[in-house]
Amino acid sequence: MTNVARVSQNGAALAEIRGLPAMIQSAAARLAAAESPAQVLVAKEEAGFAYDAAKRAARLAKAMDAHAEILTVARRAQVDALEIEALAEVRIADEVDRCQAEGILCSRGRWSKANGLKPVHDLGLSRKDVFDARQLRSLIAKRPAALKTALQDIIDNGYEPTRAILRRTLREVRVNARRKSADRQETFRLIGGRDIRHVSWLEISALKQRAQAEVALLTMIEGHAGNVEPNKRIGDVIGDHALVDMVAASKGGAA
């Protein structure tokens, strides 16, 4: 590639990028000023235009082997546009909920021509759109840094910041959060299923006696029969009368 051609191509990429900051600022300002679901959707659409322009500029810069700084600027604009789109989705969830509470939009299953309420699809939203928006709102409410962290992770890992990759990254954040929550719940769960954090101090003594009795009972059961198949249930090996006696004995021993 000649120097003249390279300068020309870099100039084309620069021309594509030049208008991106104004597009991003306009979309952000429109979202901040939005007071209705329709206005939020307009802001989201404007951010989408900026995203498409930034994506096009980044691909043009990459294809033309433009200066690395040009590609970085385009990728940054993509990230900014994705962030505005995501924040617009959160606002959509808020606005839909508000309009449903105020009787402007109908709730699920309530729409009819007679009640005069507008269905959400009149705004161009599907039930899935609203569901996804609420999911994202819930995630950001619980983890305020989740969106920015996800976008930064995409950049740090060298991926192109696309909508698909952002959705996948946020989905992984939700899954990991649920898994950590479940693991945390198990950490505090007693043998009987009680959450130890909800046990009152007065219950500790009784719970200790119960746990000791259960340990004594399981020890007696284990020593009652040998060479039992691992998948056999206790009730298949030991009769009810024998178990009643063992339970009584374990309680007496624990006491």
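Keep in mind that this is a model prediction, so the values were computed, not measured. (Residues numbered from 1 in each chain as written. Predicted model: local features only at pLDDT ≥ 70, side-chain atom pairs only at ≥ 80, totals over all residues. Heavy atoms only, no water.)

A. Highlighting the overall build of the protein chain. Scanning the protein chain for helices and strands turns up 10 helices and 0 strands. In sequence order, the protein chain lays out its α and β elements as α-α-α-α-α-α-α-α-α-α. Across the 255 residues that make up the protein chain, the buried fraction comes to 30%. Considering only intrachain contacts with a sequence separation of at least 6, the fraction spanning at least 24 residues in the protein chain is 61%. For the protein chain, the accessible area works out to roughly 16,500 Å², and carbon and sulfur atoms hold 55% of it. (Helix = DSSP H or I, 4+ residues; strand = E, 2+ residues; numbered from the N terminus. Buried < 20%, exposed > 50% of the residue type's maximum accessible area, 1.4 Å probe, protein only. Contact = heavy atoms within 4.5 Å. Areas by Shrake-Rupley, 256 points an atom, 1.4 Å probe, with all protein chains shown as cover.)

B. Geometry of the layout of surface pockets. Within this model, the largest pocket holds a volume of roughly 570 Å³. Residue assignment for the lining of the largest pocket shows that the elements contributing at least two residues are α3 (37-63), α4 (68-101), α5 (127-142) and α7 (163-187). Of the residues belonging to the lining of the largest pocket, the class tally is 10 nonpolar, 2 polar and 10 charged. (1 Å grid on protein atoms, 1.4 Å probe; cavity = no way out; pocket = protein on both sides within 12 Å on 5 of 7 lines; lining within 4 Å. Points joined across faces, edges and corners; volume = space filled by probe spheres on them. Nonpolar A, V, L, I, M, F, W, Y, C, P; charged D, E, K, R; others polar.)

C. Local environment of the confidence of the model for the protein chain. In the predicted model, the protein chain carries a mean pLDDT of 82, and 85% of its residues have values of at least 70. Element-level mean pLDDT values for the protein chain span from 58 in helix α1 (residues 3-18) up to 94 in helix α2 (residues 20-33). The model gives residues 1-7 a pLDDT under 50, and that stretch makes 4 contacts with residues more than four places away or in other chains. (pLDDT = per-residue confidence, 0-100.)

D. Highlighting the pattern of salt bridges. Per the stated rule, a full pass over the model turns up 16 salt bridges. For R163, the salt bridge goes to D52, with nearest N and O atoms at 4.0 Å. Of the two residues, R163 is situated in helix α7 and D52 in helix α3; the sequence distance between them amounts to 111 residues. Judged by relative accessible area, which is 34%, D52 ranks as partly exposed. (Salt bridge = Lys/Arg side-chain N within 4 Å of Asp/Glu carboxyl O.)

E. Region of the structure containing the environment of A53. By the secondary structure assignment, A53 is in helix α3. Accessibility expressed as a relative area gives 5% for A53, which makes it buried. Along the sequence, A53 and A77 sit 24 residues apart, while their C-alpha atoms lie 8.9 Å from each other. In this structure, A53 is in contact with E16, L20 and M23, ignoring residues within four places of it in sequence.

F. How the structure looks around the nonpolar core. Counting 35 residues, the largest nonpolar core has V96, L147, L166 and L170 as its most contacted members. Listed by contribution, the elements that provide at least two residues to this core are α2, α3, α4, α5, α6 (146-156) and α7. Here this core gets 10 residues from one element, more than from any other, and that element is α4. Sequence-distant contacts of V96, that is, excluding residues within four places in its chain, are made with L105, V120, L125, V130 and R134. (Core = buried A, V, L, I, M, F, W, Y, C linked by side-chain atoms within 4.5 Å.)

G. Quick peek at the packing of α4 against α6. It is at 11 Å that the axes of α4 and α6 come closest, and there the two elements cross at 155°. Relative to α6, the element α4 lies roughly antiparallel. As α4 packs across α6, the resulting crossing turns out to be right-handed. Contact residues: α4 offers R76, V79, L82, E83, A86 and L87, while α6 offers L147, K148, L151, Q152 and I155. (Axes fitted to C-alpha atoms, helices over the stretch in contact; angles between N-to-C directions. Parallel < 35°, antiparallel > 145°, perpendicular 65-115°, else oblique. Left-handed = near helix turned anticlockwise from the far one by under 90°.)

H. Structural detail: α4. Between the first and last C-alpha of α4 there are 50 Å, a value that for 34 residues agrees with the 50 Å anticipated at 1.5 Å per step. Where α4 terminates, the next one or two residues include G103, which has phi positive at roughly 80°. (Expected span 1.5 Å × (residues − 1).)

I. Structural detail: the side chain of T162. Its location among the elements puts T162 in the loop between α6 and α7. Look at T162 and you get buried, because its relative accessible area is 11%. Setting aside anything within four residues of it in sequence, one finds T162 in contact with Y51 and L82.

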